[in-house]
Amino acid sequence: MNHKVYAPNIHLFAFHLRNGYGDSTGEGSDNQLWRKCDQIFEKLKIEDLKLTQNLNQQKFSDSLRLDLLKETEIKDNKVSLPFNGQLLLNDHQVVKISGFAYPLQTHDSYALWLNLRRPDRENGKKTESVDLSILSKFNPDSCLLPEFIESSLGQTLLITVWLTEGQNYQDKQFLRELADQCVEDFIPDSAHRPNFNRDGLLFGSAIFEYGIINQPPPHQHILVWLFSHTVTDTKFGKCYQELMDLFYYRSKVVQSYLNSRKVYENIYDAYRTIEDQVDKIGCLDDGNDLDSKELFKYKGVLKKIPKAALEYSRLLRDLDQCRHMIKMNAQCYEEKLAKIQAKLQSDNLVFLEIFSRKNCLYLQEEIQADLGYFEHGSGLLEKVLSAIRGMVEIEQAERAICRQDTIKWLGAGIGTAVVVSSSSTHLTPENPIHPPFTSRTLHPFITSLLMSAFLGILVGLIARWLIQQRRHKEVLNK
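On to the packing of aromatic side chains, then. A complete count under the given rule lists 20 aromatic pairs for this structure. Aromatic side chains Phe 13 and Phe 247 sit 5.0 Å apart centroid to centroid with 50° between the ring planes, which places their arrangement in the tilted category. Of this pair, Phe 13 sits in strand S1 (residues 4-17) while Phe 247 sits in helix H6 (residues 240-280); the two residues are 234 residues apart in sequence, bridging distant segments of the chain. Overall, the relative accessible area of 1% leaves Phe 13 in the buried class. Residue Phe 247 is classed as buried on the basis of its relative accessible area of 7%. Ring centres 6.5 Å apart and planes at 70° place the aromatic pair Phe 227 and Phe 236 in the edge-to-face group. Across the pair, exposure class does not vary: Phe 227 and Phe 236 are buried alike. Here the aromatic cluster, defined as three or more aromatic residues joined through ring pairs, consists of Phe 13, Phe 100, Trp 113, Tyr 240 and Phe 247. We note Lys 126 situated over the ring of Tyr 6; from NZ or CZ to the ring centre the distance is 4.7 Å.

Structure follows, in C-alpha cells:
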C-alpha cells in the first residue's frame, strides 16, 4: 500500500576523522565529506553549487568547535549553506525541494549535516502531501548510504515525515508499517536495507530505529520519525545541535566497537599461533634428548617469542583502548542528553537514553570479556618461553658435561700412553727393526709401543668408568 506524507525531510549526519589536529588545508582525506556533498548535489542536479567552494580554508584550526562556511555565505546568523532544486516524481509531476549543508569541525573530526526536504509551505500556502516514493528521489544511486559517503566515523540518517489527516498516530501497527515503507522507498535495494531494531517515543511522536551494531559492516543507522504533534517539530528545532552531537558520539562509539572486532580477529589469530607453539613443545616432556637439529630449532623459537609477546601485548592494549573509547564517548553522550533534558524541562528521553545506558554497557562488557579470555595468552607465552629456555639450557649443560668427561678420560689415557711410550729410546741404529717374520722375538720398540697403547686404552676406560660412576652418584644425591 502506498502512503502519503506531508513535508518529508532527509537529514544526513556524517562524521569523518581529521588527518591531524594541525592540518590547515582541508585537503586529502580530510576533504572527504565536502567532496561527497558536491557529488550528491550533482546527482540531485542542483546546479552551480559546491560546498568545497564555500568553505573558509583559513578557519581550519585546532578549536573544539568551528563552523566552516565563509563569512559571505552566512546570512541571518545561520551557519548553513541553503539551496533549492526540483525533483521529477513521475513523467508529469515536478516538485520543488530545498535544503541546506552545514559543515562543522570539532577538535578531532569533521561533521556534515545535509538536509533535503519537500518544503512545508510554498507561496504562503501549505504544500500538498506527497507519495512516499519521493524518498527514493532524494537518494539517487544510493548516494546517501555509507557505501557512497565512506566517512571514517560513520553516519546517521534521520527521516522525518508529518502524518496526514486521517492517519491514526495511535495505531502502532500502522505506524510500524509506515516506518518500514519509508525505509523501503528510501532504499529500494533490499540487500542494502538495515534490519529493524526498536521503536519508541521522542518529543511526543513515534520514532523507529533501523540498524544493529554487531551486524556485519558497513553499519547503517536510520531513524524514521513520524511527526504527529507540532510540539515535536518545535522541540527538534530547539535541540538540533545537541541531537547532532548525540549522533556524533554514537558514531564514535560504534566505530570503536567495529575497530575492536578487527583487533579481536588479529588477537584470535595470534592466540591460535601461541597454542600451536604449546602443542609443538609437547615433545619436550617425553624424556627424549634433543638432537642438534631440534636444539637449533628451539633456539630459533626462543628468538621469536619475545617479539610475539610484544605484539600480543600491543593487541591487548589496542583492544582495551577500544573499550576505553566506548566508555569515554558514552559519557559525552550522557552529557549531551543532560543538556537536552535541561532545555526541555523533564522531557521523556528514554528512547535516546537506551543507547548509553544499555547498549554502550553491553559493548564494554563484551570487550572486557574478550580481554579476560585473551590475557591467558600472555601467560602461555611466558610458559612456552620458560619451557623451551629451560630444556635448551639443560641440554646444553649436559652436552658440556659430556664434553668435559670425554676430555678427562681421553687425557688420562693419552697421558699414560705418553709416559709408557718413553721407552721408545730402545729404537737405535745399532738395534734396527727387522722386517716382519724375520725374527722370533719382537723388537723392544714394538713391544714398548704396544704396551703403551694397551695401557693407555685401559687407563682411559677405567677413568671414564670412574667419572660416570661419580656423575651417577651426584644425580642420585640431588
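Right, let's get into the side chain of Asp 347. Along the polypeptide, Asp 347 turns up in the loop between helix H7 (292-344) and helix H8 (350-420). On the accessibility criterion, Asp 347 (12% relative accessible area) is buried. Leaving out residues up to four positions away in the same chain, Asp 347 has contacts with Phe 203, Lys 235 and Gln 341.

Our focus in this paragraph is unusual backbone geometry. Across the junction of Pro 217 and Pro 218, the peptide omega takes the value 5°, indicating a cis bond. On the secondary structure map, Pro 218 appears in the loop between strand S11 (205-210) and strand S12 (222-227). Within the chain, Asn 123 stands out as a residue other than glycine whose phi angle is a positive 55°. Structurally, Asn 123 is set in the loop between strand S6 (121-122) and strand S7 (125-126). You can call Asn 123 exposed: its relative accessible area is 79%.

Here we take up the environment of Ile 222. You can see Ile 222 is positioned in strand S12. Relative accessible area serves as the criterion here: at 1%, Ile 222 is assigned to the buried category. Distance from Ile 222 to Leu 145, taken between C-alpha atoms, is 9.9 Å for residues 77 residues apart in sequence. Ignoring sequence-local partners within four residues, the contact set of Ile 222 consists of Leu 157, Ile 159, Val 183, Ile 187, Pro 194, Phe 208, Glu 209 and Tyr 210.

Turning our attention to helix H1 (residues 32-43). Compared with an ideal rise of 1.5 Å per residue, which puts 12 residues at 16 Å, H1 spans 17 Å between its outermost C-alpha atoms and is within 8% of the ideal. Taken together, the buried positions of H1 are occupied by Gln 32, Leu 33, Trp 34, Lys 36, Cys 37, Asp 38, Ile 40 and Phe 41. In this fold, the buried residues of H1 make contact with S1, strand S3 (81-88), strand S4 (94-106), strand S5 (109-117) and helix H3 (146-149). Two residues or fewer after H1 comes Lys 45, characterised by a positive phi angle close to 60°.

Position of Trp 225 relative to the elements: it lies in strand S12. For the pair formed by Trp 225 and Thr 160, sequence separation is 65 residues and the distance between their alpha carbons is 4.7 Å. Residue contacts for Trp 225: discarding those within four places in its chain leaves Leu 158, Ile 159, Thr 160, Val 161, Leu 202, Phe 203, Ser 205, Ala 206, Ile 207, Thr 232 and Phe 236.

With that settled, consider the pairing of S1. Of all the 14 residues making up S1, 12 are buried; the element is thus mostly covered by neighbouring parts of the structure. Of the pairings in the sheet, the one linking S1 to strand S8 (residues 130-131) comprises 2 bridges and is antiparallel in character. Within S8, the position partnered with Lys 4 by the bridge is Asp 131. The pairing of S1 with strand S9 (residues 155-162) spans 7 bridges and is classified as antiparallel. Residue pairing in the sheet places Ala 14 in a bridge with Gln 155 of S9. Sheet topology note: the S1/S5 ladder contains 9 bridges and is antiparallel. In the sheet register, Leu 17 faces S5, and the bridge partner there is Ser 109.

Thresholds applied
- Residues numbered from 1 in each chain as written.
- Predicted model: local features only at pLDDT ≥ 70, side-chain atom pairs only at ≥ 80, totals over all residues.
- Heavy atoms only, no water.
- Phe/Tyr/Trp six-rings, centres within 6.5 Å; stacked < 30°, edge-to-face > 60°.
- Helix = DSSP H or I, 4+ residues; strand = E, 2+ residues; numbered from the N terminus.
- Buried < 20%, exposed > 50% of the residue type's maximum accessible area, 1.4 Å probe, protein only.
- Lys NZ or Arg CZ within 6 Å of the ring centre and 35° of its normal.
- Contact = heavy atoms within 4.5 Å.
- Expected span 1.5 Å × (residues − 1).
- Pairing = 2+ DSSP bridges.

Geometry only, nothing functional implied.
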